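# Observations on the three-dimensional arrangement
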Amino acid sequence: MRRSANIHFLGAAGTVTGSKYLVELPGKTILVDCGMFQGVKKLRQLNWQQLPFDVSRIDFVLLTHGHMDHTGFLPRLVKMGYNGPIRGTAPTLDIAEIILRDSAKIQEEDAGRANEKGFTKHDPAVPLYDTDDVDRTLPLFEDQQDGKWIAIDNNISVRFQYNGHILGATFIEIEAHGKRFVFSGDVGRILDPLLKAPQKPQKADVLLIESTYGDRFHPVEDVEVKLQRIVQQTAAKGGTLIIPSFAVERTQLLMYLLWQLDRSNKLPSSLPVIMDSPMGASVLELFHKHAQWHTLSPQECTEMCRRIRLVQSFKETWDIIDDPQPKIIIAGSGMVTGGRVLTYLQQYIGRPETTVMLAGYQAEGTRGRQLLEGAGELKFYGKYYPARARVEYLQGLSGHADQRELLDWAGDITEAPEKVYIVHGEPQASDILRVKLNDLFGWKAEIPELYDIKELNL
């Protein structure tokens, strides 16, 4: 009897956000990742659409890692009627809980602010989901061990494999009816100050590979030297260095680098280093809890935290803003899409002595991308603010594999996959990786479009 499987590309197809892949197998339906769309308005609006399938048909959800664009849609999925297991590694589920609670709170606050100030076309503005929806989602979490096959039934097994990138991140292998499906998630760096190198898949009949940096190589630069220069130049002008940062792993990496500069006496001892990210502080606690997932010793974690001032309240945020002395502020969010960093930019972005240092990928349509491309003003909180601050880009901090590292990650697959799908990338990045996979390995890869359905023989 002929058996077949379908893969529905419900996100991260032609874009770097909203990862969702529905796999229909004989007897089981699996959703791999459940991310929120971010960036330009046309993508964000997709979050409000009904998914093109009955979510109650999904047997379980598998998560590659905890980032918003891979987990942020979960409460909305539950709101749509899903009530099955949500499985990932223990750090992934811990991070997802932090991110989802923060996301719900921000959405509630943004909706309330929009209604109060009247800068909304909706009457009233409502959040995509709220804290009650998150509370209904978390009991569905089931943590999974990495590196071991987990039997789902007689014909289907799943394995989570260490992937670098952030704490708890994995790629996912599904062995079904003799075929192996590999979902790359986000592949990490080979050399990362905080994380081990990713594991590599050995076999893939069907491969979904991310392409965030599929068209480029990370620059060979001494990150500490460049960071030291930016800090010193900003302090010399009497300015404030604002670093919009992803709360998960990037914030901790920045803390680590600044701590290393301080240990080497390359950071002015009187210069305050402030982390104003409740979510970042919560993730920092996970570095203590899940020590086996990173390379820092408990002592190094403790010493690093001593040099950084963690903000405890919103009142403290305003005390910091009112203090005229030079300082370094690390605050979320990394693409300047929301969070505490907007409060600081509201006060500082119009000052020429301010430096804004971007420290990671800036998706199309985000304020971070606008700053990177030289925008003269930014709009947030319903107003336009002139952007007179100097903007720096510290590329070497990316947690994503570049083209060379992606090819290395895939290079241990000895037999050509039957199907290769390039996902999680902007069109140019995906297409250049497609050409490279063909030139180097002879693999014929496809770039799916959003809502494509691919049928596969089993």
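Quantities reported herein were computed from a predicted structural model and do not represent experimental measurements. Note on numbering: residues in each chain are counted from 1, in written sequence order. With pLDDT at 70 or above as the cut-off, local features in this predicted model cover only qualifying residues; side-chain atom pairs require 80 or more to be listed or tallied, and sums for whole chains, interfaces and linings still use all residues. The side-chain numbers reported here are obtained from all heavy atoms of the structure, hydrogens and water having been left aside.

### Quick notes on the sheet that holds strand 12 (residues 240-244)
Our working rule: Strand pairing is assigned whenever DSSP identifies at least 2 bridges connecting the two strands. Where helices and strands are cited, they refer to DSSP runs of H or I of at least four residues and of E of at least two residues respectively, numbered from the N terminus. We call two residues contacting when some pair of their heavy atoms lies within 4.5 Å. The axes are straight lines fitted to the C-alpha atoms, using for helices just the contacting stretch, and the angles between their N-to-C directions are given from 0 to 180°.
Strand order in this open sheet of 6 strands is 14-13-15-12-16-19, and the pairing throughout is parallel. Looking along the sheet, the strands with just one partner apiece sit at the ends: strand 14 (309-310) and strand 19 (390-393). Sheet topology note: the strand 13 (residues 273-276)/strand 14 ladder contains 2 bridges and is parallel. Within strand 14, the position partnered with M275 by the bridge is L310. The sheet contacts of helix 11 (residues 341-348) involve strand 12, strand 13, strand 15 (327-331) and strand 16 (355-358), and relative to strand 12 the element is tilted by about 145 degrees.

### What about the packing of helix 7 (residues 250-263) against helix 9 (residues 298-307)?
Think of two packed helices as two axes; the pair is described by the angle between the axes and how far apart they sit. Using the following cut-off: What sets the label is the angle itself: under 35 degrees gives roughly parallel, over 145 gives roughly antiparallel, 65 to 115 gives roughly perpendicular, and the rest give oblique.
One can describe the packing of helix 7 onto helix 9 by two numbers: an axis separation of 9 Å at closest approach and a directional angle of 80 degrees. Classed by the angle they form, the pair helix 7 and helix 9 counts as roughly perpendicular. Packed against helix 7, whose contacting residues are Q252, M255, Y256, W259 and D262, the element helix 9 presents E300, E303, M304, C305 and R307 at the interface.

### Let's talk about the layout of surface pockets
The gaps left among the atoms become clear once a water-sized probe is rolled over them. Threshold: With a 1 Å grid laid over protein atoms only, a set of points is called a cavity when a 1.4 Å probe fits there but cannot get out and a pocket when it is open yet has protein on both sides within 12 Å along at least five of seven lines; lining residues have an atom within 4 Å of a point. Grid points are joined across faces, edges and corners, and a volume is the space filled by probe spheres set on the points. Gly falls in the polar group here, along with every residue not listed as nonpolar (Ala, Val, Leu, Ile, Met, Phe, Trp, Tyr, Cys, Pro) or charged (Asp, Glu, Lys, Arg).
Quantified by volume, the second largest pocket comes out at close to 360 Å³. For the lining of the second largest pocket, the elements supplying multiple residues, two or more each, are helix 7 and helix 13 (403-410). Here the lining of the second largest pocket is composed, by residue class, of 10 nonpolar, 3 polar and 5 charged.

### Observations regarding unusual backbone geometry
We count it as follows: When accessible area is computed with a 1.4 Å probe and restricted to protein chains, residues below 20% of their type maximum are described as buried, those above 50% as exposed, and intermediate ones as partly exposed.
A cis amide bond, omega 20 degrees, links G332 with the succeeding residue S333. Mapping S333 onto the fold places it in the loop between strand 15 and helix 11. Unusually for a residue other than glycine, H177 sits at a positive phi of about 50 degrees. Of note, H177 is situated in the loop between strand 9 (170-176) and strand 10 (179-183). The backbone phi angle of H424 is positive, close to 50 degrees, even though this residue is not glycine. As for its position among the elements, H424 is in the loop between strand 20 (419-423) and helix 14 (427-441). Classification of H424 as buried rests on a relative accessible area of 3%.

### Examining the pairing of strand 11 (residues 206-210)
With respect to burial, strand 11 is a largely interior element, 5 of its 5 residues being buried. Neither face of strand 11 is exposed, since V206, L208 and E210 on one face and L207 and I209 on the opposite face are all buried. Note that strand 10 and strand 11 share 3 bridges and pair parallel. Residue pairing in the sheet places V182 in a bridge with L207 of strand 11.

### Let's talk about the nonpolar core
This is how the line gets drawn: To form a nonpolar core, buried Ala, Val, Leu, Ile, Met, Phe, Trp, Tyr and Cys residues must be joined to one another through side-chain atoms within 4.5 Å.
Ranked by size, the top nonpolar core spans 100 residues in total, and within it L77, I174 and F181 carry the most contacts. Ignoring any residue separated from it by four or fewer positions in sequence, one finds F181 in contact with A5, I7, L25, I172, E173, I174, A176, V206, L456 and L458. Of all hydrophobic cores here, the second largest spans 29 residues; its members include I349, V356, L378 and Y393.

### Some details on empty space enclosed by the protein
Taken as a whole and judged by the stated rule, the model has 2 cavities of 30 Å³ or more. In this structure, the largest cavity encloses a volume near 70 Å³. By residue number, the principal contributor to the lining of the largest cavity is strand 11, which donates 3 residues. In terms of residue class, the lining of the largest cavity is built from 5 nonpolar, 6 polar and 2 charged.

### Thoughts on the pattern of salt bridges
This is how it is decided: What makes a salt bridge here is a side-chain nitrogen of Lys or Arg within 4 Å of a carboxyl oxygen of Asp or Glu, nothing more.
Overall, the coordinates contain 27 salt bridges when judged by the stated rule. With a closest N to O distance of 2.9 Å, D215 and R216 form a salt bridge. Residue classification places D215 among the buried positions, given a relative accessible area of 19%. A salt bridge links R369 to E426; the nearest nitrogen and oxygen atoms lie 3.1 Å apart. Pair noted here: R369 is in helix 12 (residues 367-372) and E426 is in the loop between strand 20 and helix 14, with a separation of 57 residues, a long-range link. Taken individually, R369 and E426 each receive the classification buried, so the pair is uniform in this respect. Ionic contacts of the salt-bridge type, sharing partners, join the residues R159, E173, E175, R180 and K203 into one network.

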